[in-house]
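# Structural description and commentary
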Amino acid sequence: MPNYPTLDQLHDTLSHKDKIRILFVCLGNICRSPAAEGVLEAIVNEAGEAGRWEIDSAGTGNYHIGQLPDKRMRVHASRRGIELTHHCRQVRATDFDDFDLIIPMDGSNEQNLRRLAATEQQESKIIPMAQFIDMALRYDYVPDPYYEGAEGFELVLDLLQNGCARLFDTLRR
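Below is a summary of the structure that appears in this document. Predicted model, so just to flag it, every value in this text is computed and none were measured. Sequence order as written defines residue numbering, which begins from 1 separately in each chain. pLDDT decides what is reported in this predicted model: residues at 70 or higher carry local features, side-chain atom pairs at 80 or more are listed and counted, and totals for whole chains, interfaces and linings draw on all residues regardless. The side-chain quantities take in all heavy atoms of the structure and omit both hydrogens and water.

### Looking at the environment of aspartate 95
Rules: Put simply, DSSP marks the helices as runs of H or I at least four residues long and the strands as runs of E at least two long, and each gets a number from the N terminus on. Three exposure classes are used, based on accessible area relative to the maximum for each residue type with a 1.4 Å probe and protein chains only: buried under 20%, partly exposed in between, and exposed over 50%. Between two residues, a contact is recorded if the distance between any of their heavy atoms is within 4.5 Å.
Take aspartate 95: it is sitting in helix 4 (residues 95-98). With a relative accessible area of 0%, aspartate 95 lands in the buried category. Dropping the residues within four chain positions of it, aspartate 95 is found in contact with Leu23, Arg89, Gln90 and Ile102.

### Topic: the environment of valine 91
Mapping valine 91 onto the fold places it in the loop between helix 3 (71-78) and helix 4. Here the alpha-carbon distance between valine 91 and glycine 28, two residues 63 residues apart in the chain, equals 10.0 Å.

### Some thoughts on the packing of aromatic side chains
Counted only if it meets this: Any Phe, Tyr or Trp ring, taking Trp's six-membered ring, that has another such ring centre within 6.5 Å forms a pair; planes under 30 degrees apart are called stacked, those over 60 apart edge-to-face, and the others tilted.
Counted according to the given criterion, the structure contains three aromatic pairs. Arranged with centres 5.5 Å apart and planes meeting at 35°, the rings of tryptophan 53 and phenylalanine 168 form a pair that is tilted. Here the residue tryptophan 53 occupies a position in strand 2 (residues 53-59), and phenylalanine 168 occupies one in helix 7 (residues 150-171), the gap between them amounting to 115 residues. Per residue, the accessibility class of tryptophan 53 equals that of phenylalanine 168, and both read buried. Their ring planes at 65° and their centres at 6.4 Å tell us that tyrosine 139 and tyrosine 141 sit as a pair that is edge-to-face. Tyrosine 139 sits in the partly exposed class, given a relative accessible area of 27%.

Below is the structure:
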């Protein structure tokens with residue numbers, strides 16, 4: 001298991017940057033990662049820091065390229081005031097140079113990303129979403145809601161709102 005930086009170390013490394021670039025990653029870029037993108041964008045916009053952040057999402061698989069996020073995720077996010085307009089894309093090799101943090105939703109996607117990273121520096125940018133989720137929520141990954149009912153989508157949004165708020169608080173000036 002990689003030795004992830006602490007939240008304090010991330011703050012020291014990234015909070016001084018003029019632009020913070022975050023890429024969220026799940027398997028198909030249809031549920032979890034576009035939801036994380038939308039959640040963090042909402043937090044950043046509410047804080048008046050939109051110009052300082054570049055937020056995107058991608059999938060390790062190529063199943064849904066060009067599609068909007070899953071309709072169920074869009075509906076559940078919309079009920080929380082979050083509009084998901086991202087069009088699904090696959091992770092590119094250039095993402096490792098273009099982003100400061102690459103945040104997978106679970107261990108499988110983390111392993112896929114580590115295989116794609118060409119250098120140790122690129123690999124060091126991979127930090128799982130679970131590192132930002134308050135452990136009181138008792139989840140060490142963001143579960144895939146694709147084959148679940150409404151509760152699965154709500155759980156994912158709860159986890160992402162917690163984790164993205166902690167990520168934002170860590171990296172704000």
